[in-house]
Amino acid sequence: MIGAPLVLIGSLAAGRYEVPFSHVVAILVSRLAPLEVSWSLPEQRVVELVRLPRVLAACLAGAGLAIAGASLQGVFRNPLVGPQIIGVSSGAAFGGALAILLFSSAGITVAFAFAGGLMAIAVVYLMSRISGRAPILLLVLAGVVTSAFFSALISLVKYVADPDNKLPAIVYWLMGSFASIGWPDVAILLGPVALGGALIYGLRFRINVLSLGEEEAQALGIPVERTRWLILGAVALISAAVVAVAGVVGWVGLVVPHFARMLVGPDHKALLPAAAAVGALYLVLIDNVARTATAAEIPLGIITAIIGAPVFAVLLRRIHAGGWRHD
């Protein structure tokens, strides 16, 4: 991770409008100490108003999704679980798509997407409750059903959308992109990701115990049901915020925790910070490819799926052959 600052600064320099690396460094330092101006005004505006919020948003989204995925994999004791398992991504996507269909305001789109994600987790909660408890298998099935339901609603929204105006905007937004990110979007991401990440990290010991099994957790006095829902709520908060700002960015929460686990091991005290760092760097690199590989920007969801699907297949084969261990 020593080269991470170089990658981040390089991300501010890269793009169709190239800014010299030295100029990027000088522009950033000038906010902390007076420097002789050696850069042009357009370069400063590109760095400060376009690329810096975009890079910060990619860092926050990648870190948040990776933390969410790592915590879910521990709680569910399943390495193939990601934030999509609880249906929150589909709910948030439906809310955003509906807002694009009915309105033309970015603020309303963010609000609807966030509300859709929280509505999805509420539906999962109500569906999975049996006699005051939520068995883990029923919870997963409730997430799958909820995700399928909201996916159908998204298809309905696309069907009734104006094919010349609204439909292209909805389809592009659903594929994920940081192209229109500004400082207000960074502020929208910062709160939920910081709050959800802090809550999950505060429960790191309980996640370690839950990864051993429910019986062991109950024997140690861990309130299994309450802990699980606290984590699911934090994951919903993070995922809904990411979808609200950047659209659906898949596979990050599934793939990144495995790389972090290979670096630091399964202890969530070290795994969660490592997943956040790897996730932030990973999504920044993906976004760099998205905006520089071709003349027209590639949606993030396409690139993350191209990378994530083969990794998922390899993981599935390894797990089927040798099992997956937490210790």
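As the structure is a computational prediction, the values presented were derived from the model and not from experiment. (Residues numbered from 1 in each chain as written. Predicted model: local features only at pLDDT ≥ 70, side-chain atom pairs only at ≥ 80, totals over all residues. Heavy atoms only, no water.)

## So, helix 8 (residues 183–202)
So, point 1. Between its first and last C-alpha atoms helix 8 spans 28 Å; for 20 residues at 1.5 Å apiece the expected length is 28 Å, and the two agree.
So, point 2. Among all positions in helix 8, only D185, V186, L189, P192, V193, G196, G197 and I200 are buried.
So, point 3. As for helix 8, its buried residues are in contact with helix 3 (41–76), helix 5 (106–128), helix 9 (204–210), helix 11 (224–246) and helix 13 (268–292). (Helix = DSSP H or I, 4+ residues; strand = E, 2+ residues; numbered from the N terminus. Expected span 1.5 Å × (residues − 1). Buried < 20%, exposed > 50% of the residue type's maximum accessible area, 1.4 Å probe, protein only. Contact = heavy atoms within 4.5 Å.)

## Description of unusual backbone geometry
Note: most peptide bonds trans; most residues except glycine with negative phi.
So, point 1. A positive phi angle, near 75 degrees, is found at W251, a position not held by glycine.
So, point 2. Here W251 is to be found in the loop between helix 11 and helix 12 (252–264).
So, point 3. Residue classification places W251 among the partly exposed residues on the basis of a relative accessible area of 27%.

## Remarks on the environment of L138
So, point 1. Residue placement: L138 occurs in helix 6 (residues 136–160).
So, point 2. A relative accessible area of 25% places L138 in the partly exposed class.
So, point 3. Distance in space between the C-alpha atoms of L138 and V124 is 9.5 Å, their sequence separation being 14 residues.

## Let's talk about the packing of helix 8 against helix 11
So, point 1. As a packed pair, helix 8 and helix 11 sit with axes 9 Å apart at the nearest point and diverge in direction by 165 degrees. Here helix 8 is positioned roughly antiparallel relative to helix 11, judged by the angle of their axes. The two elements helix 8 and helix 11 meet at a crossing, and its hand is left-handed. For the pair helix 8 and helix 11, the contacting residues are D185, I188, L189, P192, V193, L195, G196, G197, L199 and I200 in the first and L230, A234, V235, L237, I238, A241, V242 and V245 in the second.
So, point 2. Here the residues of the contact of helix 8 with helix 11 sort into 15 nonpolar, 2 polar and 1 charged. (Axes fitted to C-alpha atoms, helices over the stretch in contact; angles between N-to-C directions. Parallel < 35°, antiparallel > 145°, perpendicular 65-115°, else oblique. Left-handed = near helix turned anticlockwise from the far one by under 90°. Nonpolar A, V, L, I, M, F, W, Y, C, P; charged D, E, K, R; others polar.)

## What to know about the nonpolar core
Within soluble globular proteins, side chains that are nonpolar generally end up buried alongside one another.
So, point 1. Judged by nonpolar contacts, the single largest core of 76 residues is most densely connected at F178, L189, I200 and L232.
So, point 2. No other element matches helix 3, which puts 18 residues into this core.
So, point 3. Once you skip the residues sitting within four places of it in the chain, F178 turns out to touch R54, A57, A58, A61, A246, L283, D287 and L300.
So, point 4. Formed by 18 residues, the second largest nonpolar core is a distinct cluster that contains A92, A120, V157 and I170. (Core = buried A, V, L, I, M, F, W, Y, C linked by side-chain atoms within 4.5 Å.)

## Some words on the environment of K166
So, point 1. By secondary structure assignment, the location of K166 is in helix 7 (residues 166–174).
So, point 2. Setting aside chain neighbours within four positions, we find K166 in contact with I100, L101, F103, S104 and A161.
So, point 3. Of the polar contacts made by the side chain of K166, one reaches the backbone oxygen of I100; its length is 3.0 Å.
So, point 4. Among the polar contacts made by the side chain of K166, one reaches the main-chain carbonyl oxygen of F103 at a distance of 3.0 Å. (Polar contact = N/O pair within 3.5 Å; in protein donor to acceptor, adjacent residues only side chain to side chain.)

## A closer look at the packing of helix 4 (residues 88–102) against helix 5
So, point 1. One way to put it is that helix 4 packs onto helix 5 with a least axis distance of 6 Å and a crossing angle of 145 degrees. Between helix 4 and helix 5 lies a crossing of right-handed hand. Along the contact surface, helix 4 presents V88, G91, A92, G95, G96, L98, A99 and I100, while helix 5 presents I108, T109, F112, A113, G116, G117 and A120.
So, point 2. A class-by-class count of the residues in the contact of helix 4 with helix 5 yields 9 nonpolar, 6 polar and no charged.

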